[in-house]
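Here's the letter readout for the chains.
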Amino acid sequence: MNRQVRLAISVLAGLAAVVLAFAYASLIRSDAEAAQEEALARYGGELVTVCVAARDIAPGDTLDETNVTVEQWVASLLPEDAFTSLEDVAGKTVTSAIPQRAVLCPAYTETRADGLDVPDGTVAVCLASDPAHAAGGALERGDTVDVYVSGDSIADRLCEARVLDTSALAAGGGEVSWVTVAVGPASVPELLAATTVGQVTLVVPGERVATATEEPADSAEQAETPDTKDTEDTAKTGDGA
């Protein structure tokens, strides 16, 4: 095989690689557009550009293009004050841990006198919410809640969480537009994925109470009827005789 033939084959192979790359990029773009159209059809609203954590970001880190990416999300599933451009966050210092894929909002960069007390072994996640999906907006710091996601007439419990802060508490009043919760690291991927496909609801569980069927059994073990006591006394007297 002479040099010209080898050169021609190399050129053809290169062109084929370029064509395949463009075809793959078009396929990925089509899939992304289809997913966006499905989200719009299912949940309504418009797509907006927001800043998302490209990786886990630790407190004290500075936000920039190395740890922040810009994506399109359905507006109705976002915190009201989510950052919408890299210029909004560039240079800001992170004040609480931000898990990968979390939408960036002021809760992650605010500096308050009391700070954000994240329990050991958990991470803080900021969720878009409203009074109807946050126990009427009556949540307090330290409350334990169950996190549910609903969509297509189905609701699933994702995890248990602790309320760290809300927009109403941070502002000293007003309606809830976001809630920051502490969850276990293993629950973060599922929780963040849920916020992109369904409505997240925070449910306050009631205290556990004993069931009616448990009480008689407990009472029977602790109480002693007169007949039973007399029988035991007679048996003891007989043994003594």
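Below: a short report on this structure. (Residues numbered from 1 in each chain as written. Predicted model: local features only at pLDDT ≥ 70, side-chain atom pairs only at ≥ 80, totals over all residues. Heavy atoms only, no water.)

**A short note on the nonpolar core**
Part 1 of the argument: Counting residues in hydrophobic clusters, the biggest one holds 39 residues, and the most contacted among them are Leu 104, Val 125, Val 183 and Leu 202.
Part 2 of the argument: Going through the elements one at a time, strand 1 (47-53), strand 3 (123-128), strand 4 (144-151), strand 5 (154-166), strand 6 (178-183), helix 4 (188-197) and strand 7 (199-203) are the ones with two or more residues in this core.
Part 3 of the argument: Setting aside its immediate chain neighbours within four residues, Leu 202 contacts Leu 127, His 133, Ala 134, Ala 135, Leu 139, Val 145, Asp 146, Val 147, Val 179 and Val 181.
Part 4 of the argument: One finds Val 52, Trp 73, Leu 78 and Val 103 within the second-largest nonpolar core, a separate group that totals six residues. (Core = buried A, V, L, I, M, F, W, Y, C linked by side-chain atoms within 4.5 Å. Buried < 20%, exposed > 50% of the residue type's maximum accessible area, 1.4 Å probe, protein only. Helix = DSSP H or I, 4+ residues; strand = E, 2+ residues; numbered from the N terminus. Contact = heavy atoms within 4.5 Å.)

**Examining the pairing of strand 6**
Part 1 of the argument: Judged by how many residues are buried, strand 6 sits mostly within the fold: six of six residues are covered.
Part 2 of the argument: Burial of the side chains of strand 6 extends over both faces: Trp 178, Thr 180 and Ala 182 are buried on one face and Val 179, Val 181 and Val 183 on the other.
Part 3 of the argument: The sheet contact formed by strand 3 and strand 6 spans six bridges and is antiparallel. Within strand 6, the residue paired with Ala 124 across the bridge is Ala 182.
Part 4 of the argument: In this structure, strand 5 lies alongside strand 6, joined through four bridges in antiparallel fashion. The residue of strand 6 that forms the bridge with Arg 162 is Ala 182. (Pairing = 2+ DSSP bridges.)

**Describing the sheet that holds strand 4**
Part 1 of the argument: With antiparallel pairing, five strands are arranged side by side in an open sheet as 3-6-5-4-7. Either end of the sheet is taken by a strand with one partner, and the two such strands are strand 3 and strand 7. Each adjacent strand pair in this sheet contributes to an overall mean axis angle of 45 degrees, direction not counted.
Part 2 of the argument: Of the strands in this sheet, strand 3, strand 4, strand 5, strand 6 and strand 7 touch helix 4, which is tilted by about 10 degrees from strand 3. (Axes fitted to C-alpha atoms, helices over the stretch in contact; angles between N-to-C directions.)

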